[in-house]
Amino acid sequence: LKPTSMSMWPLHRPFSPRVRRLKSPASANPIRSDVGFLASMRWCFVTAVRLLYLVGTPGLWILQLVRMVCFVTAILPGLLPQFFSYLLNRRVRKNIVYGPSIRHQLDVYLPADPEEAAEPPPRLPLVIFLSGGAWTIGYKVWPFLQCKVLQENGVICVCPDYRNFPQSGLPGMVDDVDLALRWVFSHLEALRADPNNVTLVGQSAGAHLGATLLVRKARQEELEARREEVAATSDGSSSASGGSADEARAPLLNGHAAPAGEWRLSQIQEFVTISGPFDLPPLMEALHQRGLHRRLLRHLMPDPEGMSPTRLITVLRADAAIGVKAIARLPRFHLVHGTADRTCDVRQTRDFGAALRDAGVRVRVTLYEGKSHTDPILEDPLSGNDEMMRTLLEDITRRGAPAA
């Protein structure tokens, strides 16, 4: 992808000096200073032992692990130079803390060096990228190839880490994504990001967590709106005096008041999912066949139906009281999947797309013929023929030039 042809804005655009606020808490060292080296190593050891117990040792998963190691070794010659460029890139603010857990860190990819700032520039598009990893081996560095492409095409990219199993089950991971989004939306000004051009991207497990959060968030926002309506009706004096002090202090986001530290679905223009699993019960059986012990899956997914976006959107659609208005709060969805994906069947995306469409959600489904689970995030970026990223950049560009 050539920045000159894919981007509407020149590279190395200077940032506001306010971006420098992000410099002090950023560090190339992933060991958190408030945790320390020994405590971090102890945490890693305890987590590894518990995970080995839950996956079962020995087991079929070892064969899958060997296959994955062989695959990574095969692509290592192309991957290592790109990874070193990530490590040495001073325009990537690494390991910024956004929450209390050792895993609550994120990377910020800036299209230009903050030290070059001369005057406030136009705001740039923002992508929040949720990495995959089967909920067990995920890490914020995995999508660095995609984030680098976005960075080089004038797009700010934020890639948060989140707790993996066994440190947390799926509900805790969804909470982590919510916490990361709170950090991002509370730092839009410092990032000089365009609030009207924010795209959420999730790959594999990240797609699942993002979809689960958005559907639950839609229900939550509508319930909150109903409670506010009831409160306003029962207390006319508050509305007559202009509302409470807290409401007066809350910023307006597309017409909706947001509490401090909160974010709204209306702040996300589009959610792009890549090779995502959206219906967990059939996936659990497939994962078991591939070597993951049922004991691990029960701990990881204590409520598979309640954590399946396909089923959640269907249940929300059937809610006569709030379903229609809650669903209307959801952003556009763009579901991407390869037809040759043997890790997560393409039917997961087809069925989720159909459920969204039946519910009235704006959704587009793109299926790449012959693409595997890893093609969109590894093989295609390394080959330079990355149709998915080209489409994503075109969509971001289509939403307009940065706001002044």
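Let us look at the environment of Leu297. Relative to the helices and strands, Leu297 resides in helix 11 (residues 294-300). Sequence separation of Leu297 and Leu287 is 10 residues, and the distance between their C-alpha atoms is 8.4 Å.

Moving on, we come to the side chain of Lys94. Within the secondary structure layout, Lys94 lies in strand 1 (residues 92-97). There is a polar contact of 3.2 Å between the side chain of Lys94 and the backbone oxygen of Tyr86.

Take the pairing of strand 3 (residues 124-130) next. Most of strand 3 is tucked away: 7 of the 7 residues are buried. Pairing analysis gives 6 bridges linking strand 3 to strand 5 (residues 193-203), with the strands arranged parallel. Bridging across to strand 5, Leu130 finds its partner in Gly202. Sheet analysis places strand 3 next to strand 4 (residues 156-160), joined by 3 bridges and oriented parallel. The residue of strand 4 that forms the bridge with Val127 is Cys157. As for the winding sense of the linkage, the β-α-β connection from strand 3 through helix 4 (residues 144-152) to strand 4 is right-handed.

Our next topic: the nonpolar core. Counting 64 residues, the largest nonpolar core has Trp135, Ile313 and Phe333 as its most contacted members. Among the elements that take part in this core, helix 5 (residues 170-186) stands out by supplying 9 residues, more than any other. Leave out the neighbours within four places in its chain, and Phe333 touches Leu214, Phe271, Phe352, Leu356, Val361, Arg362, Val363 and Arg364.

Calculation criteria
- Residues numbered from 1 in each chain as written.
- Predicted model: local features only at pLDDT ≥ 70, side-chain atom pairs only at ≥ 80, totals over all residues.
- Heavy atoms only, no water.
- Helix = DSSP H or I, 4+ residues; strand = E, 2+ residues; numbered from the N terminus.
- Polar contact = N/O pair within 3.5 Å; in protein donor to acceptor, adjacent residues only side chain to side chain.
- Buried < 20%, exposed > 50% of the residue type's maximum accessible area, 1.4 Å probe, protein only.
- Pairing = 2+ DSSP bridges.
- Right-handed = clockwise from strand over helix to strand, strands pointing away.
- Core = buried A, V, L, I, M, F, W, Y, C linked by side-chain atoms within 4.5 Å.
- Contact = heavy atoms within 4.5 Å.

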